[in-house]
Every structure is written in structure tokens, then in C-alpha cells.
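This is what each chain is made of:
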Amino acid sequence: MKLFLLTAFALVRLGFFGAAAVLFLRRLNYRRGEAVSFGVVLMFALLSLMYQVAFLARVSFLTFPAECLCGAGAVWYVVRHRDILADLGRAAAGLFGQWRFSSAALMAMLAYLLAQVLLLPQGNFDSMTYNLARVWLFQQENTLLLNDVSTVRQTILPVGHDILFHLFLRFRGDHGAGIFSFLSYLSIGAGTYSLSRRFARPAVAWTVLLVLLSFPELVYQATTTKNDLAVGAVAVACLGLLFRMGAAFRVRDFALFLLFAAFGVSVKTTWMLLMAPLAFFFASTLLRPASLRAAGESLRHSWKGWVPLILACLVLSQLWLFAANHRRWGNWLGEPSYCADNRQTDGLSGMAANLARYAFQSVDVLPPGDKIIARWTGKPLTGWLASAYARWGRP
């Protein structure tokens, strides 16, 4: 009963944190979909920042009272701006009312996924050996720089997303830990709808939303403690900010982009590869004369506000972790043999082979479809695709 109440209290705090972030962005005239998409990522980034600073300073015992204090502030902020919250509710009801059948199906699916998050414990291999396991070690050692681990992944990889599970694991239970992937799933949906509305009418944007949220891989990941959906949420948020800055450069969009990009590094190292094309478009937007003037004026007149942002980005960028990896292993990515096992060394031919493999793996007719095909042909579609790849696609 005690664990249930503590978990419920953690979920309530998280809900108010998210609502406050969304309302804050909405008050800054972000579109409704953007406010939801960016608000989730902003909440993740700030909560992760607080945890990382506390553990690096070895004062993790302060996280709970700090959360309660911030939670009280979030409740006050939400109550004060409940009119904006009501407006968001009316807008959502109006949107769902236009497509009642598909909305009902979507709501049923989201309710089912949320029930899984709240009621079922995590059980996948990565969670047991890495995502959750390392947080237990962080809490036990009161630091993020671990020396004694069961697998090198627990100490060399970015901690920004996994450390969020401290919200629940501090109570010695993992119920509800999948809520971060579920919120990332919602953030991706809201951000995709908002981006689609820039170019298409509501019916088209709604169709894009349904198609995206129906991708099997996204649905499977929406209740786990893996960090893949969080990377997707950050990517969609950064893309949304790039479109905003492309239309009209604003310093607050610039600041959010920097914060989100730094948080993306702390979620997963491979974010850096995804960041490369985004950085190109970011640079093309920033290097416009009007953009440079606006950024320069902000730095001159509000430089004190940029100091905490830069410090936050330095922590979230995992520079401290990469420096520790280099000091210990002689490699900023970590233990050399582990890096070698996960490195693509075959150049363009290896890239082509991976693209072919991903193309075969992306075909998914769900378990019922596989069973029907197996009954007709003696083998499920996944089996036929695996055989085809082994025969014609594997290098």
C-alpha cells in the first residue's frame, strides 16, 4: 500500500510538472500541438538536469524535497492558468469530435497502453540489465560515475533518460516507470500533428497522426523503459523549432533548441548522428542577418539569462561522462572492445547492407497477420522475409 501511494504521488507530481511546462509554452504563444510536444521534452530535460546535478554533487537525497517544492510551484502555476488548460481541453474535444470513430479507437488504445504502464512491471532484457539496473547502482553509490558494474553499458553510456527512473526506483519499485516512453509517444504524436498542420488541412494532419501512432515499433516501445522514443520526441521537437525559426527567428526558440539538442545527447549517443542534418538547417537559419542581430542583442542585454542555459547544456551534453570515459578507457565513447562490437566498419557496403536489413525488418503485419499467412503458406511472413534476406540481402 505504501509503494502504491508513493508511486501515485510521483505520477501526480509528474503530471503537474508536464502541465505546467505545457501551459508555460502556451502562454508564450506556441501552438497547442507545439506546446504539448515541446512541453514534454522540456519537462524531461529539466527533471533530468536536476537529477544529474544532484547525483554528480552526491546530494541525491535532496531530489525528493526539491521535487515536492517544484511540485507545489507547478500546482500553483496550473491553478493560476487553468483558463489556458481549459482552452486546451476544449480544443482537444473539438478535434476528437470531428473524427469520432477514429478518436474513440485512438483513446481506447491510449487507455490500454497507459494501463500497461501503470499495472505491469518491466521485464525486457535491456531494462533488467541496463536501463533500470544502472539507476539502482546510481542510487546505491550516490553518483553517476560508477566503478563496479555488471556490464560496461551501465557506466559508459549517457544517463539523461535513464536517470528519470529515479522518480520511481527510489521507492524500491518500478511500477509506472514506462510513463516516460508513453509521454514521449504522446509528444511525438502532438508534434507530428502540429508539423503536418503547417502544410495540410486538418483531415490530412489527423491521418498522418493516426498512421504514425499505428507504427508497431512505436506502439511496442510506448510502455517500455527504453530510450528510443525519447530520442524521437526530442527530434520532433527540434524539427518543430527549426520550422518556427525558419518562419521568424525568435530567441526563445533558439534557447529551447539548444536545450533540447543537449538533452538529446544525454538520452542516446546516436542522437549526435541525427543531430547532424538538423544542425545544418539550424546553422542556415541562424546565419541570416536578422537572426544574428536578434541573437546578438539578446546576448548583450540578457546575458545573465544565458549563463544558466549554457551551464545546463554543458551538464546535459554529457561532457563530464565523455571526459570520464576518456580518462578511464582512453576513448570518449568508453571501453574499446564494446565500442568495436557496435561499430560499422564496412563503409558504404555496410551502410547498404544495414538499409536492406532494416527494409526487411520494417515489414510488420502483426501477430494475427503472421498466423494467417503461416496457416496458408506454412511459414509466417517474418520467416519468409528472413529467408529472403539471408538469400539475397545479406552481404
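These remarks concern the structure in this document. Since we're looking at a predicted model, the values are computed, not measured. (Residues numbered from 1 in each chain as written. Predicted model: local features only at pLDDT ≥ 70, side-chain atom pairs only at ≥ 80, totals over all residues. Heavy atoms only, no water.)

## Focus: a nonpolar patch on the surface
Then, in step 1: A cluster of nonpolar side chains, Val 307, Ile 310, Leu 311, Leu 314 and Leu 319, forms an exposed patch at the surface whose accessible area comes to about 450 Å².
Then, in step 2: Among the elements that line the nonpolar patch, the one with the most residues is helix H17 (residues 303-316), at 4 residues.
Then, in step 3: Of note, Ile 310 is situated in helix H17. (Patch = residues over 30% accessible without salt bridge, like charges linked within 9 Å, V, L, I, M, F, W, Y side chains within 5 Å. Areas by Shrake-Rupley, 256 points an atom, 1.4 Å probe, with all protein chains shown as cover. Salt bridge = Lys/Arg side-chain N within 4 Å of Asp/Glu carboxyl O. Helix = DSSP H or I, 4+ residues; strand = E, 2+ residues; numbered from the N terminus.)

## Observations concerning the layout of surface pockets
Then, in step 1: The calculated volume of the second largest pocket comes to roughly 1,200 Å³.
Then, in step 2: Lining the second largest pocket are 36 residues, and of these Arg 32, Val 36, Ala 92, Phe 96 and Ala 190 lie nearest its centre.
Then, in step 3: Of all the elements in the fold, those that place two or more residues in the lining of the second largest pocket are helix H1 (2-27), helix H2 (32-56), helix H4 (82-98), helix H5 (100-119), helix H10 (179-197) and helix H11 (202-213).
Then, in step 4: With 9 residues, the single largest contributor to the lining of the second largest pocket is H10.
Then, in step 5: The residue inventory of the lining of the second largest pocket, partitioned by class, reads 26 nonpolar, 7 polar and 3 charged. (1 Å grid on protein atoms, 1.4 Å probe; cavity = no way out; pocket = protein on both sides within 12 Å on 5 of 7 lines; lining within 4 Å. Points joined across faces, edges and corners; volume = space filled by probe spheres on them. Nonpolar A, V, L, I, M, F, W, Y, C, P; charged D, E, K, R; others polar.)

## Looking at the state of the cysteines
In a disulfide, the sulfur atoms of two cysteines are held together by a covalent bond.
Then, in step 1: Applying the stated rule across the entire model yields 0 disulfides.
Then, in step 2: Cysteine Cys 68 shares no disulfide, and the gap to the nearest cysteine sulfur, in Cys 70, comes to 9.5 Å.
Then, in step 3: By relative accessible area, which is 27% here, Cys 68 ends up partly exposed. (Disulfide = S-S within 2.5 Å. Buried < 20%, exposed > 50% of the residue type's maximum accessible area, 1.4 Å probe, protein only.)

## Comments concerning the packing of H5 against H11
Then, in step 1: Look at H5 against H11: their axes get within 12 Å of each other, and the N-to-C directions meet at 30 degrees. Relative to H11, the element H5 is oriented roughly parallel. Regarding H5 and H11, the two cross each other, and that crossing is left-handed. Here H5 contributes Ser 102, Ser 103, Leu 106 and Met 109 to the contact with H11, which in turn contributes Trp 206, Leu 210 and Leu 213.
Then, in step 2: Of the residues assigned to the contact of H5 with H11, the class counts are 5 nonpolar, 2 polar and no charged. (Axes fitted to C-alpha atoms, helices over the stretch in contact; angles between N-to-C directions. Parallel < 35°, antiparallel > 145°, perpendicular 65-115°, else oblique. Left-handed = near helix turned anticlockwise from the far one by under 90°. Contact = heavy atoms within 4.5 Å.)

## Focus on the packing of H10 against H11
Then, in step 1: At their nearest, the axes of H10 and H11 sit 9 Å apart, and the two run at 150 degrees to each other. Classified by the angle their axes make, H10 and H11 are roughly antiparallel. Seen along the crossing, H10 lies across H11 with a hand that is right-handed. Facing Tyr 185, Ile 188, Gly 189, Thr 192, Tyr 193, Ser 196 and Arg 197 of H10, the residues of H11 in contact are Pro 202, Ala 205, Trp 206, Val 208, Leu 209, Leu 212 and Leu 213.
Then, in step 2: A breakdown of the residues in the contact of H10 with H11 according to their chemical character gives 10 nonpolar, 3 polar and 1 charged.

## Examining the environment of Ser 102
Then, in step 1: In this fold, Ser 102 is placed in helix H5.
Then, in step 2: For Ser 102, a relative accessible area of 18% puts it in the buried group.
Then, in step 3: Sequence-distant contacts of Ser 102, that is, excluding residues within four places in its chain, are made with Trp 206 and Leu 210.

## Things to note about empty space enclosed by the protein
Then, in step 1: Tallied over the full model, the rule gives 1 cavity of 30 Å³ or more.
Then, in step 2: Volume-wise, the largest cavity comes out at about 40 Å³.
Then, in step 3: In terms of lining, the largest cavity is formed by Glu 34, Ser 37, Phe 38, Gly 191, Ser 194, Leu 195, Val 236 and Gly 240.
Then, in step 4: If you list the elements that add at least two residues to the lining of the largest cavity, you get H2, H10 and helix H13 (228-247).
Then, in step 5: Grouping the constituent residues of the lining of the largest cavity by class yields 3 nonpolar, 4 polar and 1 charged.

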